[in-house]
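# Observations on chain architecture
One-letter residues, chain by chain:
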There are 2 protein chains.
Amino acid sequence: MSTRSYGQYCGLARSLDTVGDRWSLLIVRELLRGPMRYGELVASLDGIATNLLAGRLRSLESTGVIERRPGETSGVVYTLTPWGSELRESIEALIRWSTPLMISGRGGDSFEPRWLAVALEALLRGRTATPPAELGLEVDGVFMILRIDADGPDVIVEPERRPETIMIAEPEAILGLAAGALTVEDALSMASVHGDRRVLSAVLGGA
Amino acid sequence: MSTRSYGQYCGLARSLDTVGDRWSLLIVRELLRGPMRYGELVASLDGIATNLLAGRLRSLESTGVIERRPGETSGVVYTLTPWGSELRESIEALIRWSTPLMISGRGGDSFEPRWLAVALEALLRGRTATPPAELGLEVDGVFMILRIDADGPDVIVEPERRPETIMIAEPEAILGLAAGALTVEDALSMASVHGDRRVLSAVLGGA
DNA sequence: CCGCATCCTCATGGATACTG
DNA sequence: CAGTATCCATGAGGATGCGG
(Lines give C-alpha, C1' and ligand atoms only; values in the text may rest on other atoms or scores of the structure.)
Protein backbone atom coordinates (compact mmCIF):
# COMPACT_ATOMS: atom_id res chain seq x y z
CA MET A 1 0.00 0.00 0.00
CA SER A 2 2.07 2.88 1.22
CA THR A 3 5.72 3.29 1.97
CA ARG A 4 8.57 2.29 -0.22
CA SER A 5 10.88 0.04 1.75
CA TYR A 6 14.23 1.47 2.79
CA GLY A 7 15.77 -1.75 1.57
CA GLN A 8 18.12 -1.97 4.53
CA TYR A 9 18.74 -5.07 6.64
CA CYS A 10 18.54 -3.03 9.84
CA GLY A 11 16.03 -3.32 12.65
CA LEU A 12 15.26 0.37 12.73
CA ALA A 13 14.70 0.53 8.98
CA ARG A 14 12.43 -2.51 9.05
CA SER A 15 10.45 -1.15 11.97
CA LEU A 16 9.96 2.09 10.09
CA ASP A 17 8.97 0.15 6.98
CA THR A 18 6.15 -1.24 9.13
CA VAL A 19 5.03 1.61 11.39
CA GLY A 20 6.99 4.55 9.99
CA ASP A 21 4.44 6.19 7.78
CA ARG A 22 2.50 9.18 8.81
CA TRP A 23 -0.28 8.49 11.35
CA SER A 24 0.64 4.83 11.92
CA LEU A 25 2.19 5.23 15.36
CA LEU A 26 -0.59 7.60 16.41
CA ILE A 27 -3.11 4.90 15.57
CA VAL A 28 -1.15 2.47 17.73
CA ARG A 29 -1.04 5.05 20.53
CA GLU A 30 -4.84 5.22 20.49
CA LEU A 31 -5.17 1.45 20.63
CA LEU A 32 -2.72 1.18 23.53
CA ARG A 33 -5.54 2.05 25.91
CA GLY A 34 -7.94 -0.49 24.46
CA PRO A 35 -9.86 -1.50 21.33
CA MET A 36 -11.48 1.26 19.29
CA ARG A 37 -13.95 1.60 16.46
CA TYR A 38 -13.26 3.25 13.16
CA GLY A 39 -15.41 6.22 14.05
CA GLU A 40 -13.65 6.75 17.36
CA LEU A 41 -10.31 6.77 15.59
CA VAL A 42 -11.51 9.35 13.06
CA ALA A 43 -12.73 11.55 15.92
CA SER A 44 -9.58 11.20 18.01
CA LEU A 45 -7.07 11.62 15.19
CA ASP A 46 -8.63 14.89 14.23
CA GLY A 47 -7.66 15.79 10.72
CA ILE A 48 -6.80 12.36 9.34
CA ALA A 49 -8.38 11.71 5.97
CA THR A 50 -10.73 8.76 6.06
CA ASN A 51 -9.10 7.06 3.10
CA LEU A 52 -5.74 7.34 4.81
CA LEU A 53 -7.06 5.85 8.02
CA ALA A 54 -8.64 2.97 6.13
CA GLY A 55 -5.39 2.37 4.26
CA ARG A 56 -3.27 2.47 7.42
CA LEU A 57 -5.60 0.08 9.22
CA ARG A 58 -5.39 -2.37 6.36
CA SER A 59 -1.61 -2.07 6.23
CA LEU A 60 -1.18 -2.49 9.99
CA GLU A 61 -3.47 -5.49 9.89
CA SER A 62 -1.56 -7.12 7.05
CA THR A 63 1.75 -6.76 8.91
CA GLY A 64 0.31 -8.20 12.12
CA VAL A 65 0.34 -5.07 14.27
CA ILE A 66 -3.43 -4.82 14.73
CA GLU A 67 -6.48 -7.05 14.32
CA ARG A 68 -10.02 -6.43 13.14
CA ARG A 69 -12.60 -8.07 15.33
CA PRO A 70 -16.38 -8.16 15.45
CA GLY A 71 -17.54 -5.63 18.05
CA GLU A 72 -19.32 -6.66 21.25
CA THR A 73 -22.64 -5.39 19.99
CA SER A 74 -22.13 -4.60 16.32
CA GLY A 75 -19.64 -3.47 13.70
CA VAL A 76 -15.90 -4.00 14.06
CA VAL A 77 -13.31 -2.95 16.59
CA TYR A 78 -9.57 -2.63 16.05
CA THR A 79 -7.20 -4.02 18.63
CA LEU A 80 -3.46 -4.46 18.97
CA THR A 81 -1.95 -7.90 18.55
CA PRO A 82 0.51 -8.98 21.27
CA TRP A 83 3.38 -7.91 19.02
CA GLY A 84 1.66 -4.60 18.33
CA SER A 85 1.31 -4.01 22.06
CA GLU A 86 5.05 -4.31 22.36
CA LEU A 87 5.29 -0.98 20.57
CA ARG A 88 4.45 0.55 23.95
CA GLU A 89 8.15 0.56 24.80
CA SER A 90 9.11 2.53 21.70
CA ILE A 91 6.20 4.93 22.03
CA GLU A 92 6.97 5.60 25.67
CA ALA A 93 10.61 6.25 24.83
CA LEU A 94 9.57 8.82 22.23
CA ILE A 95 7.22 10.42 24.74
CA ARG A 96 10.00 10.73 27.31
CA TRP A 97 12.24 12.21 24.63
CA SER A 98 9.61 14.82 23.83
CA THR A 99 9.78 16.48 27.24
CA PRO A 100 11.51 19.65 25.97
CA LEU A 101 8.91 19.86 23.21
CA MET A 102 6.04 19.56 25.67
CA ILE A 103 7.08 21.92 28.47
CA SER A 104 7.08 24.74 25.93
CA GLY A 105 3.30 24.63 26.26
CA ARG A 106 0.20 23.57 24.46
CA GLY A 107 -0.02 26.36 21.92
CA GLY A 108 -3.03 25.91 19.68
CA ASP A 109 -2.78 22.13 19.63
CA SER A 110 -5.67 19.82 20.35
CA PHE A 111 -5.64 17.72 23.48
CA GLU A 112 -7.17 14.45 24.64
CA PRO A 113 -6.98 13.31 28.27
CA ARG A 114 -6.19 9.82 26.98
CA TRP A 115 -2.88 11.11 25.60
CA LEU A 116 -2.01 12.47 29.03
CA ALA A 117 -2.73 9.06 30.53
CA VAL A 118 -0.25 7.41 28.17
CA ALA A 119 2.32 10.14 28.80
CA LEU A 120 2.08 9.90 32.58
CA GLU A 121 2.63 6.17 32.50
CA ALA A 122 5.65 6.72 30.23
CA LEU A 123 7.17 9.42 32.44
CA LEU A 124 6.59 7.58 35.70
CA ARG A 125 7.56 4.12 34.46
CA GLY A 126 9.94 2.48 36.87
CA ARG A 127 8.55 4.34 39.83
CA THR A 128 6.83 2.13 42.42
CA ALA A 129 5.21 2.74 45.79
CA THR A 130 4.26 0.60 48.77
CA PRO A 131 1.76 1.23 50.15
CA PRO A 132 0.05 2.25 46.88
CA ALA A 133 -0.54 5.97 46.40
CA GLU A 134 -3.47 7.42 44.48
CA LEU A 135 -3.94 10.90 43.11
CA GLY A 136 -7.04 12.25 41.40
CA LEU A 137 -6.52 14.51 38.38
CA GLU A 138 -9.04 16.74 36.74
CA VAL A 139 -7.90 17.96 33.35
CA ASP A 140 -9.95 19.63 30.68
CA GLY A 141 -13.08 18.65 32.59
CA VAL A 142 -12.13 14.96 32.56
CA PHE A 143 -11.40 13.07 35.74
CA MET A 144 -8.72 10.40 36.10
CA ILE A 145 -6.88 8.47 38.78
CA LEU A 146 -3.12 8.11 38.76
CA ARG A 147 -2.13 5.18 40.89
CA ILE A 148 1.37 4.05 41.74
CA ASP A 149 1.92 0.72 43.41
CA ALA A 150 4.43 -2.09 43.40
CA ASP A 151 3.65 -2.80 39.73
CA GLY A 152 4.42 0.76 38.66
CA PRO A 153 2.20 3.57 37.45
CA ASP A 154 -1.31 3.15 36.07
CA VAL A 155 -3.84 5.74 34.93
CA ILE A 156 -7.59 5.16 34.83
CA VAL A 157 -9.61 7.67 32.83
CA GLU A 158 -13.15 8.46 34.02
CA PRO A 159 -13.17 6.05 36.98
CA GLU A 160 -16.20 5.23 39.10
CA ARG A 161 -14.86 6.53 42.38
CA ARG A 162 -12.68 9.49 43.41
CA PRO A 163 -9.63 9.41 45.63
CA GLU A 164 -9.26 11.81 48.55
CA THR A 165 -6.59 13.99 47.03
CA ILE A 166 -7.41 15.75 43.79
CA MET A 167 -5.42 18.12 41.58
CA ILE A 168 -7.19 20.32 39.07
CA ALA A 169 -4.76 21.64 36.51
CA GLU A 170 -3.77 22.21 32.91
CA PRO A 171 -1.90 19.34 31.21
CA GLU A 172 1.28 21.45 31.13
CA ALA A 173 1.49 21.59 34.91
CA ILE A 174 0.93 17.87 35.35
CA LEU A 175 3.39 16.90 32.65
CA GLY A 176 5.99 19.38 33.88
CA LEU A 177 5.78 17.90 37.34
CA ALA A 178 5.93 14.30 36.18
CA ALA A 179 8.90 15.09 33.95
CA GLY A 180 10.76 16.77 36.76
CA ALA A 181 10.80 20.06 34.88
CA LEU A 182 8.66 21.80 37.50
CA THR A 183 9.01 21.82 41.27
CA VAL A 184 6.01 20.90 43.36
CA GLU A 185 5.75 24.58 44.40
CA ASP A 186 5.71 25.77 40.80
CA ALA A 187 3.10 23.22 39.85
CA LEU A 188 0.96 24.15 42.87
CA SER A 189 0.98 27.76 41.78
CA MET A 190 -0.58 26.65 38.49
CA ALA A 191 -3.11 24.28 40.00
CA SER A 192 -5.73 23.80 42.64
CA VAL A 193 -5.37 20.89 45.05
CA HIS A 194 -7.92 19.41 47.44
CA GLY A 195 -6.83 16.96 50.10
CA ASP A 196 -3.30 16.07 51.13
CA ARG A 197 -0.53 17.82 49.22
CA ARG A 198 1.97 15.25 50.41
CA VAL A 199 0.15 12.73 48.23
CA LEU A 200 0.79 14.99 45.26
CA SER A 201 4.50 15.09 46.05
CA ALA A 202 4.64 11.36 46.61
CA VAL A 203 2.96 10.48 43.32
CA LEU A 204 4.03 13.16 40.86
CA GLY A 205 7.03 14.76 42.55
CA GLY A 206 10.65 13.67 42.31
CA ALA A 207 11.91 10.56 44.07
CA MET B 1 10.33 22.64 5.10
CA SER B 2 8.79 19.23 5.44
CA THR B 3 6.18 17.90 7.75
CA ARG B 4 2.82 19.30 8.54
CA SER B 5 2.39 19.27 12.28
CA TYR B 6 -0.14 16.85 13.73
CA GLY B 7 -1.37 19.71 15.88
CA GLN B 8 -1.73 17.49 18.93
CA TYR B 9 -0.51 18.33 22.41
CA CYS B 10 0.90 14.83 22.87
CA GLY B 11 4.51 13.78 23.37
CA LEU B 12 4.41 11.15 20.67
CA ALA B 13 2.89 13.52 18.13
CA ARG B 14 5.45 16.23 18.92
CA SER B 15 8.32 13.77 18.69
CA LEU B 16 7.06 12.65 15.31
CA ASP B 17 6.67 16.28 14.24
CA THR B 18 10.41 16.54 14.90
CA VAL B 19 11.92 13.22 13.79
CA GLY B 20 8.97 11.50 12.16
CA ASP B 21 9.56 12.18 8.52
CA ARG B 22 11.10 9.75 6.18
CA TRP B 23 14.87 9.25 6.64
CA SER B 24 15.16 11.41 9.76
CA LEU B 25 15.58 8.61 12.29
CA LEU B 26 17.92 6.76 9.93
CA ILE B 27 20.15 9.84 9.85
CA VAL B 28 20.15 9.87 13.65
CA ARG B 29 20.99 6.16 13.67
CA GLU B 30 24.06 6.84 11.55
CA LEU B 31 25.21 9.63 13.84
CA LEU B 32 24.75 7.49 16.97
CA ARG B 33 28.15 5.94 16.31
CA GLY B 34 29.93 9.24 15.80
CA PRO B 35 30.08 12.37 13.64
CA MET B 36 29.78 11.93 9.89
CA ARG B 37 30.25 14.00 6.75
CA TYR B 38 27.58 14.72 4.20
CA GLY B 39 29.18 12.41 1.67
CA GLU B 40 29.38 9.55 4.13
CA LEU B 41 25.68 9.95 4.87
CA VAL B 42 24.81 9.91 1.17
CA ALA B 43 26.81 6.70 0.75
CA SER B 44 25.37 4.98 3.79
CA LEU B 45 21.73 5.96 3.23
CA ASP B 46 21.63 4.47 -0.20
CA GLY B 47 18.69 5.81 -2.16
CA ILE B 48 18.20 9.11 -0.38
CA ALA B 49 17.97 12.06 -2.76
CA THR B 50 20.65 14.64 -2.07
CA ASN B 51 18.16 17.47 -1.77
CA LEU B 52 16.19 15.45 0.77
CA LEU B 53 19.27 14.77 2.86
CA ALA B 54 20.20 18.44 2.81
CA GLY B 55 16.65 19.38 3.82
CA ARG B 56 16.52 16.86 6.66
CA LEU B 57 19.89 17.96 7.98
CA ARG B 58 18.74 21.57 8.03
CA SER B 59 15.49 20.62 9.72
CA LEU B 60 17.19 18.46 12.35
CA GLU B 61 19.67 21.24 13.00
CA SER B 62 16.95 23.85 13.42
CA THR B 63 15.12 21.72 15.97
CA GLY B 64 18.28 21.06 17.96
CA VAL B 65 18.71 17.36 17.23
CA ILE B 66 22.02 17.68 15.36
CA GLU B 67 24.80 20.23 14.94
CA ARG B 68 26.96 21.27 12.00
CA ARG B 69 30.59 21.65 12.90
CA PRO B 70 33.76 22.45 10.98
CA GLY B 71 35.55 19.17 10.25
CA GLU B 72 38.92 18.34 11.75
CA THR B 73 40.73 18.89 8.49
CA SER B 74 38.17 20.42 6.15
CA GLY B 75 34.50 20.61 5.29
CA VAL B 76 31.77 20.04 7.84
CA VAL B 77 30.76 17.14 10.05
CA TYR B 78 27.34 16.48 11.49
CA THR B 79 27.01 15.41 15.09
CA LEU B 80 24.18 14.72 17.53
CA THR B 81 23.44 17.23 20.26
CA PRO B 82 23.06 15.80 23.78
CA TRP B 83 19.28 15.83 23.31
CA GLY B 84 19.65 14.17 19.93
CA SER B 85 21.75 11.42 21.51
CA GLU B 86 18.87 10.68 23.82
CA LEU B 87 17.04 9.28 20.81
CA ARG B 88 19.16 6.18 21.35
CA GLU B 89 16.54 4.86 23.76
CA SER B 90 13.73 5.16 21.23
CA ILE B 91 15.80 3.77 18.39
CA GLU B 92 16.92 0.80 20.45
CA ALA B 93 13.33 0.09 21.45
CA LEU B 94 12.30 0.05 17.78
CA ILE B 95 15.21 -2.25 17.00
CA ARG B 96 14.17 -4.69 19.72
CA TRP B 97 10.62 -4.55 18.41
CA SER B 98 11.84 -5.45 14.92
CA THR B 99 13.12 -8.88 15.94
CA PRO B 100 10.36 -10.80 14.09
CA LEU B 101 11.04 -8.68 11.02
CA MET B 102 14.76 -9.40 11.14
CA ILE B 103 14.86 -13.14 11.78
CA SER B 104 12.93 -13.64 8.55
CA GLY B 105 16.24 -12.99 6.85
CA ARG B 106 18.12 -10.42 4.87
CA GLY B 107 16.38 -10.84 1.54
CA GLY B 108 17.81 -8.46 -1.02
CA ASP B 109 18.38 -5.66 1.44
CA SER B 110 21.63 -3.79 1.81
CA PHE B 111 23.67 -4.23 4.95
CA GLU B 112 26.22 -2.20 6.91
CA PRO B 113 28.19 -3.66 9.80
CA ARG B 114 27.60 -0.41 11.68
CA TRP B 115 23.88 -1.21 11.80
CA LEU B 116 24.66 -4.56 13.36
CA ALA B 117 26.74 -2.82 16.01
CA VAL B 118 23.81 -0.61 16.99
CA ALA B 119 21.43 -3.57 16.96
CA LEU B 120 23.65 -5.76 19.15
CA GLU B 121 23.94 -3.04 21.75
CA ALA B 122 20.14 -2.64 21.67
CA LEU B 123 19.45 -6.37 22.01
CA LEU B 124 22.00 -6.95 24.76
CA ARG B 125 21.28 -3.78 26.74
CA GLY B 126 20.91 -4.58 30.40
CA ARG B 127 23.20 -7.56 30.21
CA THR B 128 26.43 -7.20 32.18
CA ALA B 129 29.39 -9.43 32.89
CA THR B 130 32.16 -9.55 35.46
CA PRO B 131 34.81 -10.37 34.57
CA PRO B 132 34.34 -8.71 31.15
CA ALA B 133 33.81 -11.05 28.22
CA GLU B 134 34.93 -10.31 24.68
CA LEU B 135 33.87 -11.91 21.44
CA GLY B 136 35.26 -11.19 18.00
CA LEU B 137 32.80 -11.08 15.11
CA GLU B 138 33.57 -11.17 11.43
CA VAL B 139 30.62 -10.17 9.31
CA ASP B 140 30.57 -9.28 5.66
CA GLY B 141 34.37 -9.13 5.76
CA VAL B 142 34.35 -6.56 8.56
CA PHE B 143 35.78 -7.31 11.97
CA MET B 144 34.31 -6.12 15.26
CA ILE B 145 34.58 -6.76 18.98
CA LEU B 146 31.53 -7.25 21.13
CA ARG B 147 32.42 -6.62 24.74
CA ILE B 148 30.19 -7.05 27.76
CA ASP B 149 31.32 -5.77 31.11
CA ALA B 150 29.80 -4.19 34.19
CA ASP B 151 28.71 -1.16 32.12
CA GLY B 152 26.77 -3.30 29.66
CA PRO B 153 27.40 -4.17 26.01
CA ASP B 154 29.68 -2.23 23.67
CA VAL B 155 30.64 -2.91 20.07
CA ILE B 156 33.81 -1.64 18.43
CA VAL B 157 33.93 -1.80 14.64
CA GLU B 158 37.30 -2.41 13.00
CA PRO B 159 39.36 -2.50 16.19
CA GLU B 160 43.14 -2.63 16.37
CA ARG B 161 43.47 -5.94 18.14
CA ARG B 162 41.57 -9.26 17.97
CA PRO B 163 40.22 -11.24 20.88
CA GLU B 164 40.91 -14.95 21.23
CA THR B 165 37.44 -16.15 20.37
CA ILE B 166 36.07 -15.24 16.98
CA MET B 167 32.79 -16.02 15.24
CA ILE B 168 32.51 -15.71 11.49
CA ALA B 169 28.89 -15.56 10.43
CA GLU B 170 26.08 -13.94 8.52
CA PRO B 171 24.26 -11.11 10.32
CA GLU B 172 21.12 -13.28 10.60
CA ALA B 173 22.89 -15.82 12.78
CA ILE B 174 24.37 -13.21 15.10
CA LEU B 175 21.12 -11.29 15.44
CA GLY B 176 19.09 -14.46 15.94
CA LEU B 177 21.38 -15.52 18.74
CA ALA B 178 21.41 -12.11 20.43
CA ALA B 179 17.62 -11.90 20.20
CA GLY B 180 17.17 -15.34 21.72
CA ALA B 181 15.48 -16.60 18.57
CA LEU B 182 18.25 -19.12 17.88
CA THR B 183 19.90 -21.59 20.19
CA VAL B 184 23.66 -21.62 20.42
CA GLU B 185 23.66 -24.95 18.57
CA ASP B 186 21.58 -23.56 15.71
CA ALA B 187 23.78 -20.51 15.43
CA LEU B 188 26.92 -22.66 15.47
CA SER B 189 25.58 -24.68 12.56
CA MET B 190 25.40 -21.44 10.57
CA ALA B 191 28.77 -20.10 11.62
CA SER B 192 32.42 -20.87 12.09
CA VAL B 193 33.97 -20.30 15.51
CA HIS B 194 37.64 -20.16 16.47
CA GLY B 195 38.61 -20.28 20.13
CA ASP B 196 36.42 -21.01 23.10
CA ARG B 197 32.79 -21.68 22.34
CA ARG B 198 31.84 -21.03 25.94
CA VAL B 199 32.75 -17.39 25.34
CA LEU B 200 30.22 -17.32 22.54
CA SER B 201 27.53 -18.65 24.86
CA ALA B 202 28.46 -16.26 27.62
CA VAL B 203 28.34 -13.17 25.40
CA LEU B 204 25.62 -13.84 22.84
CA GLY B 205 23.66 -16.72 24.36
CA GLY B 206 20.81 -16.51 26.81
CA ALA B 207 21.35 -15.64 30.46
C1' DC C 1 36.50 16.70 -5.21
C1' DC C 2 32.59 17.74 -1.57
C1' DG C 3 28.34 19.91 -0.33
C1' DC C 4 24.72 21.09 -1.74
C1' DA C 5 20.72 23.57 -5.28
C1' DT C 6 17.59 22.95 -9.36
C1' DC C 7 14.50 20.61 -12.22
C1' DC C 8 11.35 17.26 -13.43
C1' DT C 9 8.31 13.14 -12.69
C1' DC C 10 5.52 10.38 -10.01
C1' DA C 11 3.90 8.41 -5.58
C1' DT C 12 1.69 9.76 -1.28
C1' DG C 13 -0.96 12.67 1.68
C1' DG C 14 -5.09 15.73 2.48
C1' DA C 15 -9.91 17.36 1.96
C1' DT C 16 -14.41 16.40 0.76
C1' DA C 17 -18.16 14.04 -1.38
C1' DC C 18 -20.42 9.85 -1.77
C1' DT C 19 -22.17 4.89 -0.99
C1' DG C 20 -23.36 -0.01 0.93
C1' DC D 1 -21.41 3.88 10.81
C1' DA D 2 -17.59 2.29 8.10
C1' DG D 3 -15.60 2.90 4.82
C1' DT D 4 -14.65 4.24 -1.18
C1' DA D 5 -13.99 7.40 -4.80
C1' DT D 6 -12.28 11.53 -6.50
C1' DC D 7 -9.46 15.39 -7.09
C1' DC D 8 -5.81 18.58 -5.79
C1' DA D 9 -1.51 19.66 -3.11
C1' DT D 10 2.79 18.21 -1.47
C1' DG D 11 6.70 15.49 -0.74
C1' DA D 12 9.90 11.74 -2.45
C1' DG D 13 13.21 9.95 -5.99
C1' DG D 14 16.51 10.49 -9.57
C1' DA D 15 19.57 13.05 -12.71
C1' DT D 16 22.37 16.85 -13.24
C1' DG D 17 24.60 21.38 -12.49
C1' DC D 18 27.53 24.45 -9.96
C1' DG D 19 30.23 27.04 -6.64
C1' DG D 20 33.88 26.96 -3.06
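A brief structural summary. By convention here, each chain's residues receive numbers from 1 onward along its written sequence. To label them, take the chains in the order written and letter them from A, then take the ligands in the order written and number them from 1. Confidence filtering applies because this is a predicted model: local features only for residues at pLDDT of at least 70, side-chain atom pairs given and counted only at 80 or more, and all residues used for totals across whole chains, interfaces and linings. Based on all heavy atoms of the structure, the side-chain values leave hydrogens and waters out of the count.

## As for the overall build of chain A
Per the secondary structure count, chain A includes 11 helices and seven strands. It is over C-alpha atoms that the radius of gyration is taken, and the globule rule equals 2.2 Å times the number of residues to the power 0.38. Its C-alpha atoms give chain A a radius of gyration of 18 Å, near enough to 17 Å, the size a compact globule of 207 residues would have. In terms of principal-axis extent, the alpha carbons of chain A reach across some 55 × 40 × 35 Å. For chain A, the proportion of its 207 residues judged to be buried stands at 53%. Two residues form a contact once any of their heavy atoms are found within 4.5 Å. The contacts in chain A between residues at least 6 apart in sequence include a share of 55% that link residues at least 24 apart. A total of about 9300 Å² of accessible surface is found on chain A, and carbon and sulfur atoms cover 49% of it. Under the counting rule used here, the positive set is Lys and Arg, the negative set is Asp and Glu, and His together with the chain ends is not counted. Think of each charge as sitting on NZ of Lys, CZ of Arg, CG of Asp or CD of Glu. Positive and negative charge centroids in chain A, built from 21 and 28 side chains respectively, lie 5 Å apart. Only DSSP runs of H or I covering at least 4 residues are called helices, and only runs of E covering at least 2 are called strands; the numbering of each starts at the N terminus. Residue burial is assigned from relative accessible area. The probe radius is 1.4 Å, only protein chains are included, and a residue is buried under 20% of its type maximum, exposed over 50%, and partly exposed in between. Each accessible area is a Shrake-Rupley result for a 1.4 Å probe, and residues are judged covered by the shown protein chains and nothing else.

## Structural notes on the relation of the copies chain B and chain A
Two chain copies, one operation linking them: a rotation about an axis together with a shift along it. When the copies are superposed, the least-squares fit takes in the C-alpha atoms of residues with a pLDDT of at least 70 in both. With an axial shift of 0.0 Å and an RMSD of 0.1 Å, the rotation relating chain B to chain A amounts to 180°. A rotation of that kind, with that shift, is consistent with a two-fold axis. For chain B, the minimum C-alpha distance to the rotation axis belongs to S90 of chain B and amounts to 2.7 Å. The fraction of interface residues of chain B whose copies in chain A are also interface residues reaches 100%, indicating that both copies meet through the same surface.

## Let's talk about the protein's contact with DNA strand C
Looking at DNA strand C, there are 20 residues lining it, with R22, L52 and R56 of chain A together with T50 and Y78 of chain B nearest. Any residue with a heavy atom lying within 4 Å of a molecule or strand is counted as near it. Protein-adjacent atoms of DNA strand C, using a 4 Å cutoff, are sugar or phosphate at a proportion of 65%. Polar contacts here mean pairs of N or O atoms no more than 3.5 Å apart (in protein, one a potential hydrogen donor and the other a potential acceptor; neighbouring residues in sequence count only if both atoms are side-chain atoms). Between DNA strand C and the protein, one listed contact pairs a phosphate oxygen with a side-chain N or O atom of R22 of chain A at 2.6 Å. Between DNA strand C and R56 of chain A there is a distance of 2.5 Å, counted from a phosphate oxygen to a side-chain nitrogen or oxygen. Of all elements in the fold, only α4 (50-62) of chain A together with α3 (38-44), α4 (50-62) and β2 (76-80) of chain B reach the threshold of two or more residues within the surface near DNA strand C.

## A closer look at the protein's contact with DNA strand D
DNA strand D sits among 20 residues. The nearest are R37, T50 and Y78 of chain A together with W23 and R56 of chain B. Within the contact set of DNA strand D, a phosphate oxygen lies 3.0 Å away from a side-chain nitrogen or oxygen of R68 of chain A. Taken together, the residues that form the surface near DNA strand D break down as seven nonpolar, seven polar and six charged. The nonpolar class holds Ala, Val, Leu, Ile, Met, Phe, Trp, Tyr, Cys and Pro. Asp, Glu, Lys and Arg form the charged class, and all remaining residues, Gly among them, are polar.

## Things to note about the sheet that holds strand β5 (residues 152-157) of chain A
All names here are of chain A. Here, any two strands with at least 2 DSSP bridges between them count as paired. Taken in spatial order, the five strands of this open sheet run β5-β4-β3-β6-β7, and their pairing is mixed. Lying at the two open borders of the sheet, with one neighbouring strand each, are β5 and β7 (192-194). This sheet shows a mean twist of 20° between the axes of neighbouring strands, independent of strand direction. Two strands pair when backbone bridges link them, and strand β6 (residues 166-168) and β7 are joined in this way by three bridges, in the antiparallel orientation. Of the residues in β7, the one forming a bridge with M167 is V193. Interaxial angle, 0 to 180 degrees, is taken between N-to-C directions of lines fitted to C-alpha atoms, where a helix line uses only the stretch in contact. Along the sheet, helix α11 (residues 197-204) contacts β3 (133-139), β4 (142-149), β6 and β7; its crossing angle with β3, the most-contacted strand, is approximately 95°.

## Notes on the interface of chain B and chain A
When the parts of a complex come together, some accessible area is lost, and that lost area is often used as the size of the interface. Counting residues at the interface gives 52 residues for chain B, matched by 52 residues for chain A. As a working definition, buried area equals the accessible area (1.4 Å probe) given up by two parts on being put together, with both sides summed. Surface buried jointly by chain B and chain A totals about 4700 Å² across both partners, of which 62% is contributed by carbon and sulfur atoms. Of all residues in chain B, Y9, L12 and W97 of chain B give up the largest surface area on contact with chain A, accounting jointly for 21% of the area buried on that side. Within this document, salt bridges are pairs made up of a side-chain nitrogen of Lys or Arg and a carboxyl oxygen of Asp or Glu, the two lying within 4 Å of each other. In this structure, the connection of chain B to chain A is made through four salt bridges. Residues R14 of chain B and D109 of chain A are paired through a salt bridge, measuring 2.7 Å at the closest nitrogen-oxygen approach.

## Side note on the environment of D186 of chain B
Tracing the sequence through the fold places D186 of chain B in helix α10 (residues 184-189). Along the primary structure D186 of chain B and G176 of chain B are separated by 10 residues, whereas in three dimensions their C-alpha atoms are 9.4 Å apart.

## Concerning the sheet that holds strand β3 (residues 133-139) of chain B
Residues and elements named next belong to chain B. Taken together, the five strands give an open sheet; going across it, the order is β5-β4-β3-β6-β7, and neighbouring strands pair in mixed fashion. Each end of this open sheet is capped by a strand with a single partner; those strands are β5 (152-157) and β7 (192-194). Averaged over all adjacent pairs, the angle separating strand axes in this sheet is 20°, with direction ignored. Where helix α11 (residues 197-204) meets the sheet, its contacts fall on β3, β4 (142-149), β6 (166-168) and β7, and the angle it forms with β3 comes to roughly 95°.

## A closer look at the environment of L175 of chain A
Along the polypeptide, L175 of chain A turns up in helix α9 (residues 171-178). Spatially, the C-alpha atoms of L175 of chain A and T99 of chain A are 8.4 Å apart, while their sequence positions differ by 76 residues. Those residues in contact with L175 of chain A that lie beyond four places of it in its chain are M102, L116, A119 and L123 of chain A together with Y9 of chain B.

## Considering the side chain of S24 of chain A
Inspection of the secondary structure puts S24 of chain A in helix α2 (residues 24-31). Residues contacting S24 of chain A, with those up to four places away along its chain left out, are V19, R56 and L60 of chain A.

## Considering the nonpolar core
By size, the foremost hydrophobic cluster in this structure holds 132 residues, and its most contacted members are M167 and L204 of chain A together with M167 and L204 of chain B. Residue contacts for M167 of chain B: discarding those within four places in its chain leaves G136, L137, E138, I174, L177, A187, A191, S192, V193, L200 and L204 of chain B. Residues enter a nonpolar core if they are buried and are Ala, Val, Leu, Ile, Met, Phe, Trp, Tyr or Cys, with the set joined through side-chain atoms within 4.5 Å.

## Concerning the packing of α2 of chain A against helix α6 (residues 87-97) of chain A
Residues and elements named next belong to chain A. Their axes nearest at 11 Å, the elements α2 and α6 cross at an angle of 110°. Classified by the interaxial angle, the pair formed by α2 and α6 is roughly perpendicular. Facing α2, whose interface residues are L25, V28 and R29, α6 presents L87, I91 and L94. Across the contact of α2 with α6, the residue classes break down as five nonpolar, no polar and one charged. In what follows, roughly perpendicular refers to angles from 65 to 115 degrees, roughly parallel to angles under 35, roughly antiparallel to angles over 145, and oblique to any angle outside these ranges.

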